[in-house]
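# Chain and residue survey
The lines below spell out each chain.
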Amino acid sequence: MIETLLNLRSLRAQAREMSIEDLQEGLQKFTQVVEERRVEEEAAKAENKEQEAKLQKYRDMLAAEGITPEELIALIGDSPKTKKKRAARPAKYKFVDENGDEKTWTGQGRTPKALQQLLDNGDALASFEI
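Residues numbered from 1 in each chain as written. Predicted model: local features only at pLDDT ≥ 70, side-chain atom pairs only at ≥ 80, totals over all residues. Heavy atoms only, no water.

For the protein, the name recorded in an unreviewed UniProt entry is DNA-binding protein, with Photobacterium kishitanii as its organism. What UniProt states about the protein under its Subcellular location (unreviewed entry) heading is, verbatim, "Cytoplasm, Nucleoid". Here is the UniProt Sequence similarities (unreviewed entry) comment for the protein, exactly as written: "Belongs to the histone-like protein H-NS family." (UniProt positions renumbered as here; feature names shortened; annotations may be inferred.)

## What to know about the UniProt feature "coiled-coil region" (unreviewed entry) in the protein
On the UniProt side, "coiled-coil region" (unreviewed entry) is annotated at positions that read residues 34–61 here. Split by type, residues 34–61 is 100% helix and 0% strand. Its first and last C-alpha atoms lie 41 Å apart. (Helix = DSSP H or I, 4+ residues; strand = E, 2+ residues; numbered from the N terminus.)

## Some details on the environment of K113
Note on placement: K113 falls in helix α5 (residues 113–120). Considering only alpha carbons, one finds K113 and A63, 50 residues apart in sequence, at a separation of 61 Å.

## A few points about the UniProt feature "domain: DNA-binding protein H-NS-like C-terminal" (unreviewed entry) in the protein
The feature "domain: DNA-binding protein H-NS-like C-terminal" (unreviewed entry), as given by UniProt, occupies residues 83–130 in the numbering adopted here. For residues 83–130, helix accounts for 17% and strand for 17%, while the C-alpha atoms at its two ends are 31 Å apart.

## Remarks on the domain arrangement of the protein
Taken domain by domain, the protein holds domain 1 (1–76) and domain 2 (93–128). With centres defined by C-alpha atoms, the gap from domain 1 to domain 2 works out at 61 Å. (Domains from an automatic or database assignment.)

## Topic: the pattern of salt bridges
Under the criterion given, the structure shown has 6 salt bridges. The closest approach of N and O atoms between R38 and E35, which form a salt bridge, is 2.8 Å. You can see R38 and its partner E35 sitting in helix α3 (residues 20–65), 3 residues apart, about one turn around the helix. For the salt bridge of E50 with K54, the shortest nitrogen-to-oxygen distance reads 3.8 Å. Here E50 and its partner K54 are both found in helix α3, 4 residues apart, which amounts to about one turn of the helix. (Salt bridge = Lys/Arg side-chain N within 4 Å of Asp/Glu carboxyl O.)

## What about the packing of aromatic side chains?
Working definition: an aromatic ring pair is given by the centre-to-centre distance plus the angle between the planes. This model, assessed by the stated rule, comprises 1 aromatic pair. Between the NZ or CZ atom of K57 and the centre of the ring of Y58, over which it lies, the distance is 5.6 Å. (Phe/Tyr/Trp six-rings, centres within 6.5 Å; stacked < 30°, edge-to-face > 60°. Lys NZ or Arg CZ within 6 Å of the ring centre and 35° of its normal.)

## Concerning a nonpolar patch on the surface
Judged by side-chain polarity, M1, I2, L5, L6, L8, L11, F30 and V34 come together as a nonpolar surface patch covering roughly 830 Å² of accessible area. Broken down by secondary-structure element, the contributors of at least two residues to the nonpolar patch are α1 (2–6), α2 (8–16) and α3. For the nonpolar patch, the element with the most residues is α1, which contributes 3 residues. Looking at the element boundaries, V34 is found in helix α3. (Patch = residues over 30% accessible without salt bridge, like charges linked within 9 Å, V, L, I, M, F, W, Y side chains within 5 Å. Areas by Shrake-Rupley, 256 points an atom, 1.4 Å probe, with all protein chains shown as cover.)

## Let's talk about the nonpolar core
With 6 residues, the main nonpolar core is built from Y93, F95, W105, A114, L115 and F128. Of all the secondary-structure elements, those providing two or more residues to this core are β1 (93–96) and α5. (Core = buried A, V, L, I, M, F, W, Y, C linked by side-chain atoms within 4.5 Å. Buried < 20%, exposed > 50% of the residue type's maximum accessible area, 1.4 Å probe, protein only.)

## Quick look at the pairing of β1
Burial of the side chains of β1 is restricted to one face: Y93 and F95 are buried, whereas none of K94 and V96 on the reverse face is. Counting the residues in the hairpin turn of β1 and strand β2 (residues 102–105) gives 5 residues, including G100, whose phi is positive at 85°. (Pairing = 2+ DSSP bridges.)

Right, dumping it as structure tokens:
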């Protein structure tokens, strides 16, 4: 469909099958859509221009105070809101899996499959404590 609208030869071929009234109605609707889009883009440009003016105002204020944008960013980066990664929990249990590999588990989350099988066979969890 879009190829037909953007290709002059295809558009002419389609137009031959339409009445002048239908073509005029289509032109009016197409013109309306184009105008609406133009207004939307102008509004977006105006908003961007306003935002850029605000940013320039703050750049000028920072420069007047002798503060560089990098210093401001560094200050924001040291904010207490930033999450710190918690330390890994130490392993509490040690066991040997079905492949003979020694594995550990912190006791948090789902019980590893190999350890669960050992527990199902009657072993006590306390016997695997480190």
